[in-house]
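Residues per chain, in single letters:
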Amino acid sequence: MKITFPHMGDAYISVKVLLDELGLDYYMPPVGSHETMEIGIANSPEFMCLPFKKVLGDFINGLNNGADTILFGESGGQCRMSYYGDLMQDILRSMGYKFNYIHFNFSHLTYKEAARNLGPFLTGKSKLSVIKAAVNAGWTVFAVDKLYALSRKIRCREIKHGTTDKIMREFEQKAQTVHGFKNIHRALTEARKELKHVEIDKTFEPVKIALVGEIFISSDSFTNLEIEKKLGNMGAYVHNTMGVSEWIFKHFIKYMIPFNRRDKSIEAAQPYMHTDDIGGHGIYTIGNTELLSHGSYDGIIQIYPFTCMPEIIAQTTLGEIQRKNGVPVMTLILDEMTGETGYITRLEAFVDMLRFQKEQKYEEKNQKEPIKHPKLKHVS
Amino acid sequence: MNQILKHAKPQKSNSDITVGLPSSMMFYAHGELWEDFFSKLGCHVEKSGPTSREILNRGVSLCSSEVCMPVKVFTGHVDALAKRTDYVFIPRYISMGRHEMDCPKFCGLPDMVRINLHNKVNLMEVDIDFDKGTEKTKASLGSISNTLGIDYETVKNIFVNSVQNKLDTDMKVGSVEPGIKNMPSIAVLGHPYMIYDEMLSMGLISKLKQKNFQVLTPNSLTRNVRRSHLPIFKNRNFYELGSDILGSASAFLELPQVKGMIYLSPFACGIDSLVTEFIERHLHNTEKNMPFMKITVDEHTGEAGFDTRLEAFLDMIED
């Protein structure tokens, strides 16, 4: 039995840890491959969203490379993602593939269901080793997201252009090739150490941008055309409100905690949307935009795949939040046809605008000492 | 029931209140129920009438370009009513029954409309959420009771009698005569607010009738038939409209008089992207060679091109 799984941002690192620790045989589709995405697009319905097409491409690549078991998880709800599994199975079977499909719904995953689905893989393994593997994988999710958060902080302030990118590229390469928790752990620690030694300009004040939107696209650097890197190299600090760790926390850990407080961002969204759920992460997009547009960030970017239903609703309210709080919001809609050059132009224009706005604010404050203006670095 | 009516009638001030019902979106499914509900509450009910070019253009100019055409049209309807009514009623459909849910856009519809009209409209809302019980829906009736100044229990009783108990029955407004005749038929599939809106559907149903076809829609079948023919998602949550269409598509497949199927879909509809794919795959797996045409329309669609495609499709069937 050979397992394959789809990519979503940097989640592959922890999935690898889990499968390695359990000693299972698996095949990982290549990270960020245009070829696999093209296959997915060719076999998907036209108006299906981009995550579907990418995930399907990964599956086809996996099955072509000897895998016979597909591992897929989703969080349920009003978004189309709940039906990815059904349609994908249908498409793959009609293409002639024979495979075993393991589907997890994380929002009401019971121990029994997990045991039933994973049972055949875990025969002969002690409970302790399974728990240890799960804990290690969980730790990796959070550690990886933390590392990426650190890289975003360093990148916009680095003195030698491209240092952070180089460290992160090396880390990603290592994460894709090495096996086992120990090695991944070592790669993580090394990358963190290297990042901390990058020479940075401490007086530099970057423009601060918060990234909100659909979780797959905002956390997947391949489909979002490396938005974090691009903005960082333009001298902007990016805070990504969506990440794999966020997802795991919201849909997995939170359900295990008996006392459940209402999410802060859902609370903040209420003036604009009088309901708790509009499917997907739409309500979090609204709430996070509201929470982060009270001066802590200079601008907000909403990013989502074309035809994403929850985010379209959220987008309607963002104009209102922008009017009310005076923080610029830009919406980027991505699909397989998005051209990179036009995308960069829009990002540059947005960062430029935020920088001018920031400078103006400093001038209005009438500071005698000319404050060091946030400078703009261009992508080489 | 009579007692409730007696109780409601003395509130004379309510007859001065005009409640607007936008004749779009789920009005095509539950318009009569809501009309009944508000007239029993003693309000004057005003409908926005059929979609006109003006309403469409107004809606398009008010909404962001990303939302689907039906939402744009709906916003246009609300805008038309906002000037001549005291309140506009927009139900927030979350789930219409067990194992059913609605398009996310229905969940955010009242809020989207309010923001698109720059808060210049008085809205009345109610949450329709029956998947996990009726408590949430009933609690949301409180705002209606406050707005109209009618005691909560009365509103609740009228709601249960005139809306809740009838949601499951086939009360949907349809232009199709009941009873399926044995004559060449075309099945028209799609959301009710697409196929019954003369403007958005470009008169598809009447055009087919002119060509002497019997037109069958999901409303020609009873809810039981639609649900029992579902090829998938039988005991799982799926979009209510999606289940209707999927179920009726496979039921029509069994009717010998159905010569072809036309699926009318608004551009970039999320639910249709799933449903049409499932239908096409289902048709493909059956032995009957059923002609199937998917027409995608948006606010820029020209009628001439639409007619050409329709004629070509009908020619193919007649041959």
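Residues numbered from 1 in each chain as written. Chains lettered and ligands numbered in written order. Predicted model: local features only at pLDDT ≥ 70, side-chain atom pairs only at ≥ 80, totals over all residues. Heavy atoms only, no water.

Draft legend 1. The arrangement of the domain arrangement of chain A in detail. All names here are of chain A. Per the domain assignment, the segments making up chain A are domain 1 (3–134) and domain 2 (206–380). Taking only C-alpha atoms into account, the centre of domain 1 sits 28 Å from that of domain 2. Taken together, the 27 residues of domain 1 in the interface contact 25 residues of domain 2. In this assembly, domain 1 packs against domain 2 so that about 2,200 Å² is buried in total across both faces, 73% of it on carbon and sulfur atoms. Ranking the residues of domain 1 by area buried against domain 2 places Met-8, Leu-50 and Phe-106 at the top, with a combined share of 28%. Our count for the domain 1 to domain 2 interface comes out at two salt bridges. Across the salt bridge formed by Glu-336 and Lys-53, the nearest N and O atoms sit 2.9 Å from each other. There are four residue pairs in polar contact (both at pLDDT 80 or more) connecting domain 1 and domain 2. Going through the elements one at a time, α2 (34–42), α3 (50–64) and β3 (69–74) are the ones with two or more residues in the side of domain 1 that touches domain 2. In terms of residues, the side of domain 1 that touches domain 2 owes the most to one element, α3, which gives five residues. (Domains from an automatic or database assignment. Contact = heavy atoms within 4.5 Å. Buried area = accessible area lost by both parts, 1.4 Å probe. Salt bridge = Lys/Arg side-chain N within 4 Å of Asp/Glu carboxyl O. Polar contact = N/O pair within 3.5 Å; in protein donor to acceptor, adjacent residues only side chain to side chain. Helix = DSSP H or I, 4+ residues; strand = E, 2+ residues; numbered from the N terminus.)

Draft legend 2. Region of the structure containing the sheet that holds strand β8 (residues 329–334) of chain A. All names here are of chain A. The parallel open sheet is built from four strands, whose spatial order is β6-β5-β7-β8. Each having just a single partner strand, β6 (236–240) and β8 make up the two edges of the open sheet. The mean angle between the axes of side-by-side strands here comes to 25 degrees, regardless of whether they run parallel or antiparallel. Pairing analysis gives five bridges linking strand β5 (residues 207–213) to β6, with the strands arranged parallel. The partner of Lys-208 across the bridge, within β6, is Tyr-237. In this fold helix α14 (residues 309–325) packs onto β5, β7 (299–305) and β8, with an angle of close to 165 degrees to the strand it touches most, β7. The strands touched by helix α15 (residues 340–364) are β5, β6, β7 and β8; relative to β8, the strand with the most contacts, the crossing angle is about 170 degrees. (Pairing = 2+ DSSP bridges. Axes fitted to C-alpha atoms, helices over the stretch in contact; angles between N-to-C directions.)

Draft legend 3. Here's a closer look at the packing of aromatic side chains. If you walk through the whole model with that rule in mind, you get 20 aromatic pairs over all chains. With 6.4 Å between their ring centres and 10 degrees between their planes, Phe-72 of chain A and Tyr-84 of chain A make a pair best called stacked. With a gap of twelve residues between them, Phe-72 of chain A in strand β3 and Tyr-84 of chain A in helix α4 (residues 84–94) connect regions that are remote in the sequence. In this pair, the class of Phe-72 of chain A matches that of Tyr-84 of chain A, namely buried. Three or more aromatic residues joined by ring pairs form one cluster here, namely Trp-34, Phe-37, Phe-38, Phe-89 and Phe-159 of chain B. Over the ring of Tyr-297 of chain A we find Lys-208 of chain A, and its NZ or CZ is 5.4 Å from the ring centre. (Phe/Tyr/Trp six-rings, centres within 6.5 Å; stacked < 30°, edge-to-face > 60°. Buried < 20%, exposed > 50% of the residue type's maximum accessible area, 1.4 Å probe, protein only. Lys NZ or Arg CZ within 6 Å of the ring centre and 35° of its normal.)

Draft legend 4. Molecular detail of the interface of chain B and chain A. Between chain B and chain A, the residue contacts involve 36 residues of the former and 32 residues of the latter. Approximately 3,000 Å² of surface area, both sides summed, lies buried where chain B meets chain A, with 64% of it carried by carbon and sulfur atoms. Three residues stand out in chain B for area buried against chain A, namely Glu-66, Ile-115 and Arg-281 of chain B, and they jointly supply 20% of the buried area on that side. Taken together, chain B and chain A are joined by zero salt bridges. On the surface where chain B and chain A come into contact, there are eight residue pairs in polar contact (both at pLDDT 80 or more). For the side of chain B that touches chain A, the elements supplying multiple residues, two or more each, are β3 (87–95), α5 (104–107), α6 (109–116), β8 (238–239), α14 (270–285) and β10 (292–297) of chain B. Among the elements that take part in the side of chain B that touches chain A, α14 of chain B stands out by supplying seven residues, more than any other. Classifying every residue of the side of chain B that touches chain A gives 16 nonpolar, nine polar and eleven charged. (Nonpolar A, V, L, I, M, F, W, Y, C, P; charged D, E, K, R; others polar.)

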